[in-house]
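# Chain and residue survey
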Amino acid sequence: MASLREEIESRRTFAIISHPDAGKTTLTEKLLLYGGAIQTAGSVKGKQSAKHAVSDWMDIEKQRGISVTSSVLQFNYQGKCINILDTPGHQDFSEDTYRTLMAADCAVMVIDAAKGVEAQTIKLFKVCTLRHIPIFTFVNKMDREARDPFELMENIEEILGIKTYPMNWPISCGKDFKGVYDRSAKRVLAFSSDGRANGVKMVDEVEAELGDAALDELIGTANHEKLAEDIELLDGAAEEFDLEAVQHGELSPVFFGSALTNFGVEPFLKEFLRLTPAPLPRKDAASGELVDPCSEQFSGFVFKIQANMNKNHRDRIAFLRICSGKFERGMEAFHVQEGKNIKLATGTSLMADDRAIVSEAYAGDIIGLFDPGIFSIGDTLCTGKKHVQFAGIPTFAPEHFARVTQVDTMKRKQFMKGMQQIAQEGAIQIFQEFNTGMEEIIVGVVGVLQFDVLKYRLENEYNVEIRLENLPYEHIRWIKNKELDLDKLTGTSDMKKIQDLKGNPLLLFVNAWSVGMVLDRNEGLELEEFGRD
């Protein structure tokens, strides 16, 4: 039997981030293929097969070929147990991604070789830098026309402000893509395509050394000369490799490859596992001390809640990141926010929506707990005499608002249940008019596409049709000084008073100018952009 420390140190937990369509879900599939978790990978929009990507499990994801929710996938490879958090790149679902990054120990940033760093990548990258986690870069789609690799490296360094170190170097691109040169092993991995778009099986990689006559045949004389020049330039000019800088998120190792054709995925996986840290200690917000992952005491926090993952069972699953110790089925743990002990009856390990019952899991793992409605995002569970509490996950300010009414008033109960469950998952935020009941419901979302998802899910999962009326507001502010009498507040004509479900007062504004105006007119009023509780 492996000891607790050995089990925990074999864990690797990372999130994959990128702009939509850079190939994030495809890379996830190929990693699973090498880990033996799936036999054939379904291209996200594969023409040759009716397979969808494993990590896109919601019907709406399969229809549109984009990821809408983050999913968790686990597999074993060379003695390591790997947890991948595949996140939605679509900007409209970025809030789910922000939360998921809180559960990861490092991130893999996928960049499209033709486009370089894109808007969404910048947003997500900022969240990673807040936590100083290691960031690895995979430059994808080298089998298509791509930008010059030196230009790509410069692009990453300038826009994201992180230093880069190429672990391998591409030989040409597009139809002429011949493979990559591995800098530490000083050899070439040649790429040969079977002509099919989607590499469904694992590829064999041919090896040869630089300066070897056989290399001329393999990649062509001109490519061989260009490669020798590039490598000489890199060895002379590039950053030195510094493992400590990588682990503090100051230097990003860069790998070139093509996830769709499977090229460069396995060398990336091997190097990645060699360089990434075992589960990192988390800070206990109450005492300010770090919680050792190898501690005997179990602890973890809820970073996501998902309802109705299985159509046959109307259920809710709370995703828990284990931060220390070991989870055992049927164990008791203290739920800090509720202030009482609860029994953790079943834990499930998740392969998107296929689930298996887990009887034990360790720090670094992500498990799904059956949620009868007691968990909220950011909750802490722990055992032991000394209770720990991890910092809460901030609520991101919605930028789009709509008034929601149901078409059939007889379905009030299903409507309310659906709205509340989807809100508890954190996909939408619900508000109501100030000092009225739930007659008027106002929904706030981070991105417009979430309105479509809300409509789709209410119709399909709760059988309720709704009308959405878009509101002109774009700015929301939480009122910091709770003792303030809202009725005496001097507002502007475009300001609206609302409250959230916990009764906290908030203000909506059409433009930023009105926010300043209201602050000027009401002395002592304090407003903030993030909801803390």
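Let me sum up the structure you'll find in this document.

This next bit is on the overall build of the protein chain. Across its full length, the protein chain holds 13 helices and 31 strands. Within the protein chain, the proportion of its 533 residues that are buried is 56%. If you take every contact in the protein chain between residues at least 6 apart in sequence, the share linking residues at least 24 apart comes to 70%. With the model as given, the accessible surface of the protein chain reaches about 23,200 Å², and the carbon-plus-sulfur share is 48%.

Time to look at the packing of helix α11 (residues 412-424) against helix α12 (residues 449-461). Contact geometry for α11 and α12: axes closest at 10 Å, N-to-C directions at 130°. One way to sum up the angle between α11 and α12 is to call them oblique. α11 and α12 meet at a crossing whose hand is right-handed. Contact with α11, carried on its side by G418, M419 and I422, involves L454, R457 and L458 of α12 and no other residues of that element. Taken together, the residues of the contact of α11 with α12 break down into four nonpolar, one polar and one charged.

A separate point is the packing of aromatic side chains. What the rule picks out here adds up to twelve aromatic pairs. When the ring of F255 is compared with that of F268, the centres are 4.9 Å apart and the planes differ by 75°; the resulting orientation is edge-to-face. Note that F255 is positioned in strand β11 (residues 251-256) and F268 in helix α10 (residues 265-275), a separation of 13 residues in sequence. The two residues F255 and F268 agree in class, both being buried. A connected cluster of aromatic rings, assembled from ring pairs, spans F14, F136, F138, F255, F268 and F272.

Turning to the pairing of strand β1 (residues 11-18), a few remarks are in order. Along a regular strand, successive side chains alternate from one face of the sheet to the other. Of all eight residues in β1, eight are buried, a share of seventy percent or more. Neither face of β1 is exposed, since R11, T13, A15 and I17 on one face and R12, F14, I16 and S18 on the opposite face are all buried. Bridge analysis of β1 against strand β4 (residues 106-112) gives five bridges, and the strand direction is parallel. Its bridge partner lying in β4, A15 is registered against A107.

In a regular helix each residue adds 1.5 Å, so 13 residues correspond to 18 Å; α12 covers 18 Å between its end C-alpha atoms and thus fits that length. When α12 is considered as a whole, its buried residues turn out to be L449, Q450, F451, V453, L454, R457, L458 and E461. Backbone geometry just after α12 places N463 at a positive phi near 60°.

This part is about the pattern of salt bridges. Under the defined criterion, the tally for this structure stands at 16 salt bridges. Ionic pairing is found between K115 and D112, a salt bridge with its closest N-O pair at 4.0 Å. Look at D112 and you get buried, because its relative accessible area is 5%. K340 is the salt-bridge partner of E338, the closest N and O atoms lying 3.7 Å from each other. For E338, a relative accessible area of 40% puts it in the partly exposed group.

To continue, consider helix α13 (residues 512-521). Along an α-helix, residues three or four positions apart point the same way, because every turn accommodates 3.6 residues. Of all the residues in α13, the buried ones are S514, V515 and V518. In an axial view of α13, the angular spread of the buried residues amounts to 105°, which keeps them on one side of the axis. Looking at α13, the residues exposed on the side facing more than 90 degrees away from the buried face are W513 and D520.

Our next topic: the sheet that holds strand β28 (residues 475-479). Strand order across the open sheet formed by eight strands is β27-β24-β26-β25-β29-β30-β28-β31, with antiparallel pairing between neighbours. Strand pairing shows two members of the sheet lacking a second neighbour, β27 (466-471) and β31 (527-528), which therefore form its edges. Pairing geometry for strand β24 (residues 400-406) and strand β26 (residues 441-445), over five bridges, is antiparallel. Bridge pairing in β26 places A402 opposite V443. Contacts from α13 reach β28, β29 (495-500), β30 (505-509) and β31 within the one sheet, and its direction differs from that of β30 by about 130°.

A separate point is the nonpolar core. With 35 residues, the main nonpolar core has L85, M109, C128, I156, L160, F303 and I366 as its most contacted residues. Elements supplying a minimum of two residues to this core: β1, α4 (94-103), β4, α5 (119-131), α6 (149-160), β14 (299-307) and β15 (316-324). Sequence-distant contacts of F303, that is, excluding residues within four places in its chain, are made with L85, R99, T100, A103, F319, L320, R321, I366, I377 and I393. By size, the runner-up hydrophobic cluster in this structure holds 30 residues, among which are C106, V110, Y165 and L273.

Parameters and conventions
- Residues numbered from 1 in each chain as written.
- Predicted model: local features only at pLDDT ≥ 70, side-chain atom pairs only at ≥ 80, totals over all residues.
- Heavy atoms only, no water.
- Helix = DSSP H or I, 4+ residues; strand = E, 2+ residues; numbered from the N terminus.
- Buried < 20%, exposed > 50% of the residue type's maximum accessible area, 1.4 Å probe, protein only.
- Contact = heavy atoms within 4.5 Å.
- Areas by Shrake-Rupley, 256 points an atom, 1.4 Å probe, with all protein chains shown as cover.
- Axes fitted to C-alpha atoms, helices over the stretch in contact; angles between N-to-C directions.
- Parallel < 35°, antiparallel > 145°, perpendicular 65-115°, else oblique.
- Left-handed = near helix turned anticlockwise from the far one by under 90°.
- Nonpolar A, V, L, I, M, F, W, Y, C, P; charged D, E, K, R; others polar.
- Phe/Tyr/Trp six-rings, centres within 6.5 Å; stacked < 30°, edge-to-face > 60°.
- Pairing = 2+ DSSP bridges.
- Expected span 1.5 Å × (residues − 1).
- Salt bridge = Lys/Arg side-chain N within 4 Å of Asp/Glu carboxyl O.
- Arc of directions from axis to C-beta.
- Core = buried A, V, L, I, M, F, W, Y, C linked by side-chain atoms within 4.5 Å.

It is worth stressing that arrangement in space is one thing and function is another; only the former is reported here.
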